[in-house]
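Working through the structure, step by step
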Amino acid sequence: GKQVKQFGRENDLIERLIEAAVSFVEGPHGAGVALLTQTWRQSFGPRDYLRIGLYPVAEIESVEVDGQPTESFAADLDQSPVIVRLNASAHAPVRVTFQAGFGDDPADVPASLRQALLLMVAHYYAHRGDAEAEMPRAVTALLDRYRPAI
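Keep in mind that this is a model prediction, so the values were computed, not measured. (Residues numbered from 1 in each chain as written. Predicted model: local features only at pLDDT ≥ 70, side-chain atom pairs only at ≥ 80, totals over all residues. Heavy atoms only, no water.)

Turning to the overall build of the protein chain, a few remarks are in order. Of the regular secondary structure elements, the protein chain holds 3 helices and 7 strands. Secondary structure of the protein chain in N-to-C order comes out as α-β-β-β-β-β-β-β-α-α. Relative to a compact globule of 150 residues, whose C-alpha radius of gyration would be 15 Å, the protein chain shows 19 Å and is clearly more extended. For the protein chain, the C-alpha atoms occupy an extent of roughly 65 × 30 × 30 Å along the three principal directions. Considering only intrachain contacts with a sequence separation of at least 6, the fraction spanning at least 24 residues in the protein chain is 67%. On the protein chain, roughly 9,100 Å² of surface is accessible, and the fraction owed to carbon and sulfur atoms is 51%. In the protein chain, 14 positive and 20 negative side-chain charges are present, and the distance between their average locations comes to 8 Å. (Helix = DSSP H or I, 4+ residues; strand = E, 2+ residues; numbered from the N terminus. Rg over C-alpha atoms; globule rule 2.2 N^0.38 Å. Contact = heavy atoms within 4.5 Å. Areas by Shrake-Rupley, 256 points an atom, 1.4 Å probe, with all protein chains shown as cover. Lys, Arg positive; Asp, Glu negative; His and termini not counted. Charge placed at Lys NZ, Arg CZ, Asp CG, Glu CD.)

Listed below in structure tokens is the structure:
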């Protein structure tokens, strides 16, 4: 009974640590990486040169200028960061909706990123309760390879 409860608490802890590691990596406030395919929307002030803050970008779904869709843009999805260039200068706010991520299956995520997540979970587990513990250099080195150059 007691061992089963302890095992359940450990599983809950590990699940929370995995979520923390993923949130450290994903999104524009993390390392700027999208692991699995997901839809994002990024807003910009008036301009014609839009730098997407996530990597990798699989598809630009739509571009809106002042709430109106436009097809008058170009984007090189192989570039990092991806730049969306409007053919005419926008004098109103711009919003870009895009698909980002390595694929729908966790196996689509590069092995080095999966390894970084495992190292982060192990680090969080070993240093639980220590808010001052610095992220291992191996993790930041692996993440830096994928971080958009913004």
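This next bit is on helix α3 (residues 137–144). Of the residues making up α3, those classed as buried are V139, L142 and L143. Along the long axis of α3, the arc covered by the buried residues comes to 95°, so they all point the same way. (Buried < 20%, exposed > 50% of the residue type's maximum accessible area, 1.4 Å probe, protein only. Arc of directions from axis to C-beta.)

Judged by pairing direction, the sheet is antiparallel, and its 3 strands sit side by side in the order β2-β6-β5 without closing on themselves. Edge positions in the sheet fall to β2 (49–51) and β5 (73–75), since each has one partner strand and no second. Strand-to-strand twist in this sheet, taken as the mean axis angle between neighbours without regard to direction, amounts to 20°. Sheet analysis places β5 next to strand β6 (residues 83–86), joined by 3 bridges and oriented antiparallel. Across the sheet, the residue bridging to A74 is R85, located in β6. (Pairing = 2+ DSSP bridges. Axes fitted to C-alpha atoms, helices over the stretch in contact; angles between N-to-C directions.)

Quick look at the confidence of the model for the protein chain now. Averaged over every residue, the pLDDT of the protein chain is 88; the share at 70 or more is 93%. Least confident of the elements in the protein chain is helix α1 (residues 2–25), whose mean pLDDT is 78; most confident is strand β7 (residues 94–100), at 97. (pLDDT = per-residue confidence, 0-100.)

Right, let's talk about the nonpolar core for a bit. Core analysis: the largest hydrophobic core is formed by 19 residues, its most contacted members being V25, V33, L35, L113, M120 and L143. Among the elements of the structure, α1, α2 (111–126) and α3 are those that each provide at least two residues to this core. Those residues within four positions of V33 in sequence are excluded, and the remaining contacts are V25, E26, G27, L54, Y55, F102, L113 and Y146. Of all hydrophobic cores here, the second largest spans 16 residues; its members include F44, I60, V84 and L86. (Core = buried A, V, L, I, M, F, W, Y, C linked by side-chain atoms within 4.5 Å.)

Interhelical geometry of α2 versus α3 gives an angle of 150° and a closest axis separation of 9 Å. As far as their axial angle goes, α3 and α2 are roughly antiparallel. The way α2 lies across α3 gives a crossing that is left-handed. Along the contact surface, α2 presents S112, L113, Q115, A116, L119 and M120, while α3 presents A138, V139, L142 and L143. Split by residue class, the contact of α2 with α3 holds 8 nonpolar, 2 polar and no charged. (Parallel < 35°, antiparallel > 145°, perpendicular 65-115°, else oblique. Left-handed = near helix turned anticlockwise from the far one by under 90°. Nonpolar A, V, L, I, M, F, W, Y, C, P; charged D, E, K, R; others polar.)

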